[in-house]
Every structure is written in structure tokens, then in C-alpha cells.
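Fold and contact review
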Amino acid sequence: AVTHWSACVWYIIGSSAGDGPSWVRAHLPDDADHAQRYLYSLYFTLTTMTTVGYGDIVATNFTEVCFVLVLLLQASVVFASLMGVLTDLISTLNTASKVDAE
């Protein structure tokens, strides 16, 4: 859900740049349908949030750069939360196996 909404916001920011440069103008054809627009947006947010960041789609104006910074912070929080949950799960499994062994 986080990547979906981030992709939607990324597209809205790119398409509302007015006459200035934007990732939408740089990477999407004028006749792109909704599915193609969404998939490019989703591709960017997934590669950014997983820190793969291929670099083929980049922020081209100040608003896009600000959004990407927020997206990276958001991805860091999600990653830290997942690591915390996994650590807790492993700790619980270890405790359960020690109780069973006794």
C-alpha cells in the first residue's frame, strides 16, 4: 500500500510541474495510457524504496527532489520496522525452542 500511494503521489508531482522539467516529460510518451503511467511510477518508487535505485528515472525539479527525500525517509522507517518485527520473531522462536528443550 505504501508503494502504491507513493507511486500515485510521484506521478501527480511529475505531471503538475507546469512547463518546467519533470520526470513525466522526460520518461513518458505523450500517448501513454494509465497503466503505463502507473507502472513507471510504481517502478520508480519500488526501486527507490528498496535502495536499488537504477538511476534511469530521476527527479528533475525541486519538488520532485523534496518528494524523493521524504520517500527515502519513509522507506528507512519501513525497513527499520520490518527489521524490528523480524528480530522480535526470531527472539520469540529462540525463547520457545529453549523452553521446549528444558
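Description of the structure in this document. (Residues numbered from 1 in each chain as written. Predicted model: local features only at pLDDT ≥ 70, side-chain atom pairs only at ≥ 80, totals over all residues. Heavy atoms only, no water.)

What to know about unusual backbone geometry
- The backbone of T51 shows a phi angle near 60°, a positive value even though the residue is not glycine.
- Looking at the element boundaries, T51 is found in the loop between α3 (34-49) and α4 (62-101). (Helix = DSSP H or I, 4+ residues; strand = E, 2+ residues; numbered from the N terminus.)

Concerning the side chain of R37
- As for its position among the elements, R37 is in helix α3.
- Despite its burial, R37 pairs with no opposite charge, the nearest such side chain being D30 at 6.6 Å.
- Among the polar contacts made by the side chain of R37, one reaches the main-chain carbonyl oxygen of D30 at a distance of 3.4 Å.
- Excluding residues within four positions of it along the chain, R37 makes contact with Y11, L28, P29, D30 and A32. (Buried < 20%, exposed > 50% of the residue type's maximum accessible area, 1.4 Å probe, protein only. Lys, Arg positive; Asp, Glu negative; His and termini not counted. Salt bridge = Lys/Arg side-chain N within 4 Å of Asp/Glu carboxyl O. Polar contact = N/O pair within 3.5 Å; in protein donor to acceptor, adjacent residues only side chain to side chain. Contact = heavy atoms within 4.5 Å.)

Some details on a nonpolar patch on the surface
- Taken together, the side chains of V2, V78, F79, L82, M83, L86, L89 and L93 make up a nonpolar region of the molecular surface, amounting to roughly 710 Å² of accessible area.
- It is α4 that contributes the most residues to the nonpolar patch, seven residues altogether.
- Within the secondary structure, V2 sits in helix α1 (residues 2-15). (Patch = residues over 30% accessible without salt bridge, like charges linked within 9 Å, V, L, I, M, F, W, Y side chains within 5 Å. Areas by Shrake-Rupley, 256 points an atom, 1.4 Å probe, with all protein chains shown as cover.)

Quick word on α4
- Look at α4: 58 Å from first C-alpha to last across 40 residues, which is about the 58 Å you get at 1.5 Å a residue.
- On its buried side, α4 packs onto α1, α2 (23-27) and α3.
- Where α4 begins, one side-chain oxygen reaches toward the backbone nitrogen of T63, 3.2 Å away; that side chain belongs to N61. (Expected span 1.5 Å × (residues − 1).)

Some points on the side chain of T48
- Relative to the helices and strands, T48 is located in helix α3.
- Residue contacts for T48: discarding those within four places in its chain leaves V68, L71 and L72.

Points about the packing of aromatic side chains
- Throughout the structure, instances matching the rule amount to five aromatic pairs.
- On the numbers, 5.8 Å between centres and 25° between planes, the contact of W10 with F67 is stacked. Of this pair, W10 sits in helix α1 while F67 sits in helix α4, and the two are 57 residues apart along the sequence.
- An aromatic cluster is present here, built from W10, Y11, W23, F44 and F67 joined pairwise through their rings. (Phe/Tyr/Trp six-rings, centres within 6.5 Å; stacked < 30°, edge-to-face > 60°.)

Things to note about the environment of G53
- Considering the arrangement of structural elements, one finds G53 in the loop between α3 and α4.
- What makes G53 partly exposed here is its relative accessible area of 46%.
- C-alpha separation for the pair G53 and A7, spaced 46 residues apart in sequence, amounts to 14 Å.

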